[in-house]
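Each chain is listed here by its residues.
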Amino acid sequence: MSYYELATLDTVIFGGGKAAPGIEAWVNAGQGRLCGAWGTDIGTLNRVFVLRAFDDLAQLYAERERALRSDNPFGCADLLVNLSMESYRALDFLPPVQPGSFGPIYEFRTYKTKLNGILPTMEKWREAVPPREAYSKLTVAMYGLDGAPRLTQIWPYESLAARSEARAKSVADGKWPPKGGPDWLSPDMTSQIAMPLPFSPLK
């Protein structure tokens, strides 16, 4: 499963926890495999991320259409103020996302790339990710199949302090960022910290 959907659900104030049971039921009734579900703690608040994996694009788009045609998308329409669903493919060399306890702090980073930057960025990451994972595990890095060219990555950490330490040490040791990798990126970058919801396979 190398195709992914990252759904972003913006909820009413304190709506993430209330929405969780409906989201879980919605995902369980559909196709694909739930990889993780998180509520934001730093960055845009009252936001839920839902990451699902699919065998192929037909399956992914069937789920997309299910949401678009539903009167209660993700089982929590009464708590939603915005919903976006983005399609991704994992970088070619990465294994499928596996469940497990790697957090509980997950950082979601999205980099807009130059218009021709996806393949060069992927090749830079191919060389750099294995040594970078000596500092902290990578959940997934994936490029968008719709919208602007972009790279979205998810990194788990035991704590915010562990995140700061891993990032600082990997840079100080010359292991990150990938050599020449930033050359293919635009300055449009975002970072958000989220924590797993109770039903998330990634903790």
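Definitions and limits used
- Residues numbered from 1 in each chain as written.
- Predicted model: local features only at pLDDT ≥ 70, side-chain atom pairs only at ≥ 80, totals over all residues.
- Heavy atoms only, no water.
- Helix = DSSP H or I, 4+ residues; strand = E, 2+ residues; numbered from the N terminus.
- Rg over C-alpha atoms; globule rule 2.2 N^0.38 Å.
- Contact = heavy atoms within 4.5 Å.
- Areas by Shrake-Rupley, 256 points an atom, 1.4 Å probe, with all protein chains shown as cover.
- Lys, Arg positive; Asp, Glu negative; His and termini not counted.
- Charge placed at Lys NZ, Arg CZ, Asp CG, Glu CD.
- Buried < 20%, exposed > 50% of the residue type's maximum accessible area, 1.4 Å probe, protein only.
- Polar contact = N/O pair within 3.5 Å; in protein donor to acceptor, adjacent residues only side chain to side chain.
- Pairing = 2+ DSSP bridges.
- Axes fitted to C-alpha atoms, helices over the stretch in contact; angles between N-to-C directions.
- Core = buried A, V, L, I, M, F, W, Y, C linked by side-chain atoms within 4.5 Å.
- Disulfide = S-S within 2.5 Å.

Here the focus is the overall build of the protein. From N to C terminus, the protein includes four helices and eight strands. Counting from the amino terminus, helix and strand elements in the protein follow one another as β-α-β-β-α-β-β-α-β-β-α-β. For 203 residues, the compact-globule estimate of 2.2 N^0.38 gives 17 Å, and the C-alpha radius of gyration of the protein, at 17 Å, lies within 12% of that figure. Counting only C-alpha atoms and orienting by the principal axes, one finds that the protein spans roughly 50 × 35 × 30 Å. For the protein, long-range pairs separated by at least 24 residues make up 80% of all intrachain contacts whose partners lie at least 6 apart in sequence. Accessible area of the protein: about 9,500 Å², with a carbon and sulfur share of 56%. Computed over 22 positive and 22 negative side-chain charges, the separation of the two mean positions in the protein equals 4 Å.

A few words on the side chain of Arg 52. Locating Arg 52 in the fold gives a position in strand E3 (residues 47-54). On the accessibility criterion, Arg 52 (0% relative accessible area) is buried. Within the structure, the side chain of Arg 52 is placed 2.6 Å from the side chain of Glu 63, a separation counted as a polar contact. Those residues in contact with Arg 52 that lie beyond four places of it in its chain are Tyr 3, Tyr 4, Glu 5, Trp 26, Val 27, Gln 31, Arg 33, Leu 34, Cys 35, Glu 63, Arg 66 and Phe 74.

With antiparallel pairing, eight strands are arranged side by side around a closed barrel as E1-E3-E2-E8-E5-E7-E6-E4. When strand polarity is set aside, the average angle formed by the axes of neighbouring strands in this sheet is 35 degrees. Packed on one face of the sheet, helix H2 (residues 57-69) meets strand E1 (3-11), E3 and strand E4 (80-90) and runs near 175 degrees to E4. Running at roughly 15 degrees to strand E7 (residues 150-157), helix H3 (residues 118-132) makes contact with strand E5 (105-113), strand E6 (140-144), E7 and strand E8 (185-196) of the sheet.

Here we come to the nonpolar core. Leu 9, Ile 23, Val 50, Phe 74, Cys 76 and Phe 199 are the most contacted members of the largest nonpolar core, which has 19 residues in total. Counting only elements with at least two residues in this core, the list comes to E1, helix H1 (15-28), strand E2 (33-42), E3 and E4. It is H1 that contributes the most residues to this core, five residues altogether. Contacts of Cys 76, omitting those with residues within four sequence positions, involve Leu 9, Ala 19 and Ile 23.

Let us now look at the state of the cysteines. Summed over all chains, the structure comprises zero disulfides. Cys 35 forms no disulfide, and the closest cysteine sulfur to it belongs to Cys 76, at a distance of 19 Å. Judged by its relative accessible area of 1%, Cys 35 is buried.

With that settled, consider the pairing of E1. Burial within E1 is extensive, with nine of its nine residues counted as buried. Of the two faces of E1, the one lined by Tyr 3, Glu 5, Ala 7, Leu 9 and Thr 11 and the one lined by Tyr 4, Leu 6, Thr 8 and Asp 10 are each fully buried. Relative to E3, E1 runs antiparallel, the two being bridged by eight bridges. Opposite Asp 10, over in E3, you have Arg 47 as the bridge partner. Note that E1 and E4 share nine bridges and pair antiparallel. From the neighbouring strand, Leu 6 faces E4, where its bridge partner is Glu 86.

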